[in-house]
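# Fold and contact review
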Amino acid sequence: MAAKTGTYTLISSSTLTTTTATVTFSSIPSTYTDLVLVANPLSTNNRDVILRFNSDTGTNYSITFLSGYGGGTPAFSSGRTTSQGFMYADYYAASNTTQNIRQINIMDYANTTTYKTALIRSSNANAYPSGGVETLVGLWRSTAAINTVAVSLSADSFLSGSVFKLYGIEAAK
Amino acid sequence: MSISSAKSGGTGISLALDNNYMEPIASVLVSASSVGLIEFLDIPQTYKHLQIRSNVRSSTANANFTFQLNGDGGSNYSNHNLYGTGSATAAGGGTSETAGYCGWIAQSGSTANAFGGGVLDILDYANTNKYKTTRSLCGSDLNGSGLIIMNSACWMSTAPVTSVTLKVSLGSGGFAQYSRISLYGIKG
């Protein structure tokens, strides 16, 4: 089988220069197979990073997570949320000015027959003992093609210097 | 020895994510009611790693998403994993198994229209001196149930990987309509 040309294409990038409550990627082309959002979000306070698709604020989101906590007595745990108005993109918060990374895979985002699943990996490199790592699977109960992804914090705003990059992965045709 | 940025990205998170970092090789979208397995054959040997990205649902009550390499159904695989059920965590694994494990996917009877996502990396797949190692992140959330799992598998063969066969519970199930599995090559 012959491979075609490369993929993993940068669709849009945003590096904040001011405090911003929500970063929105809109008019996302439907020509890719998966989306990958890579984020380095910063906040003054420890807050959760949350997602919404297509501006949907209904209680159509849920997650199952597995997390590891390095502080105090190191531990790992699993939990879930159901029927929420947003999808958590981490369990641990974006933290002060410490580097922390999220990679959010939104699978088969443009199809119009299945609910949408996101696979998320996050890490919070806060100085010991407050850091943690986590992986999540999220569900948006909608068959609509995703054309908008909005990233926010559970409270407060992203700080200047936060970075968000949205990539498209196109499968072979 | 110093190591400079592998790519031209100005920020750290651009590393290895520039355009053309990976190439699509093949993709399958299940258009019929279901299929028993999905197979990628004649895989080019020109990449460093392979990545299989999936959005799949089992057509039966079986939920284990598995793979075999080069058609090998012998007891040549081992698996180790860590997973969360939404209420508990556990680790598991097995030796001398007949397939590698990708993860856990939505099944017939699960929340309608819910599928499981997965990313499976097959590392240094064309090498002829090493057993092959895979890693995967896979899971399904079903709004009240679900599972997320990280798995690493070893295929105890030094043969280069030329084909990948993906099955549900070793063929006890199938992939439901609208399941999609795509194969990519990652440049070294």
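Residue numbering note: each chain is counted from 1, following its sequence as written. Written order determines the labels here, with chains lettered from A and ligands numbered from 1. Only residues with pLDDT of 70 or above have their local features reported here, since the model is predicted, and side-chain atom pairs are shown and tallied only from 80 upward, although totals for entire chains, interfaces and linings are computed over all residues.

Secondary structure counts use DSSP, requiring at least four H or I residues in a row for a helix and at least two E residues in a row for a strand, with both numbered from the N terminus. Of regular secondary structure, chain B possesses zero helices and 14 strands. Ordered by position in the sequence, the α and β elements of chain B form the string β-β-β-β-β-β-β-β-β-β-β-β-β-β. Taken across its 188 residues, chain B has 44% of its residues classed as buried. Two residues qualify as being in contact provided that their C-beta atoms, derived from the backbone, are within 7 Å of each other. Looking at chain B alone, contacts between residues at least 24 apart form 74% of all its contacts between residues at least 6 apart. Neighbour counting defines burial: a residue surrounded by 20 or more other C-beta atoms within 10 Å of its own C-beta is buried, one with 12 or fewer is exposed, and intermediate counts give partly exposed, using backbone-placed C-beta atoms.

Turning our eyes to something else, we now look at the interface of chain A and chain B. Each side of the interface is counted separately: chain A has 50 residues, and chain B has 44 residues. Of all the secondary structure elements, the ones that give two or more residues to the side of chain A that touches chain B are β1 (9-15), β3 (34-40), β5 (61-69), β6 (75-84), β8 (100-107), β9 (116-124), β10 (132-140) and β12 (163-169) of chain A. With seven residues, the single largest contributor to the side of chain A that touches chain B is β6(A). Lys, Arg, Asp and Glu make up the charged group, whereas Ala, Val, Leu, Ile, Met, Phe, Trp, Tyr, Cys and Pro make up the nonpolar group; the residues left over, Gly among them, are polar. Considering only residue class, the side of chain A that touches chain B consists of 21 nonpolar, 21 polar and eight charged.

Residues and elements named next belong to chain A. Two strands qualify as a pair provided DSSP detects at least 2 bridges between them. Taken together, the four strands give an open sheet; going across it, the order is β2-β11-β4-β7, and neighbouring strands pair in antiparallel fashion. The open sheet has two free edges, formed respectively by β2 (22-25) and β7 (87-88), since each of these has just one partner strand. Bridging between strand β4 (residues 49-53) and strand β11 (residues 149-153) involves five bridges; their strand directions are antiparallel. Looking at the pairing, Phe53 lines up with Val149 of β11.

Now for the environment of Asp141(B). With respect to the helices and strands, the residue Asp141(B) is situated in strand β10 (residues 132-141). Assessed through the 34 C-beta atoms surrounding it within 10 Å, Asp141(B) is described here as buried. Sequence spacing of Asp141(B) and Val161(B) is 20 residues, and the spatial spacing of their C-alpha atoms is 31 Å. When neighbours within four sequence positions are excluded, Asp141(B) is seen to be in contact with Ser62(A), Ile63(A), Thr64(A), Val137(A), Gly138(A), Leu139(A) and Gly146(B).

At Asp156(A), a position not held by glycine, the phi torsion is positive, near 70°. Mapped onto the secondary structure, Asp156(A) falls in the loop between β11 and β12. Its identity is not glycine, yet Asp42(B) carries a phi of approximately 50°, on the positive side.

Moving on to the environment of Ile149(B). Residue and element names in this part refer to chain B. Position of Ile149 relative to the elements: it lies in strand β11 (residues 146-155). Residues Ile149 and Cys102, spaced 47 residues apart in sequence, show a C-alpha to C-alpha distance of 8.6 Å. With sequence-adjacent residues up to four places away left out, Ile149 is seen in contact with Asn81, Tyr83, Gly103, Trp104, Cys138 and Gly139.

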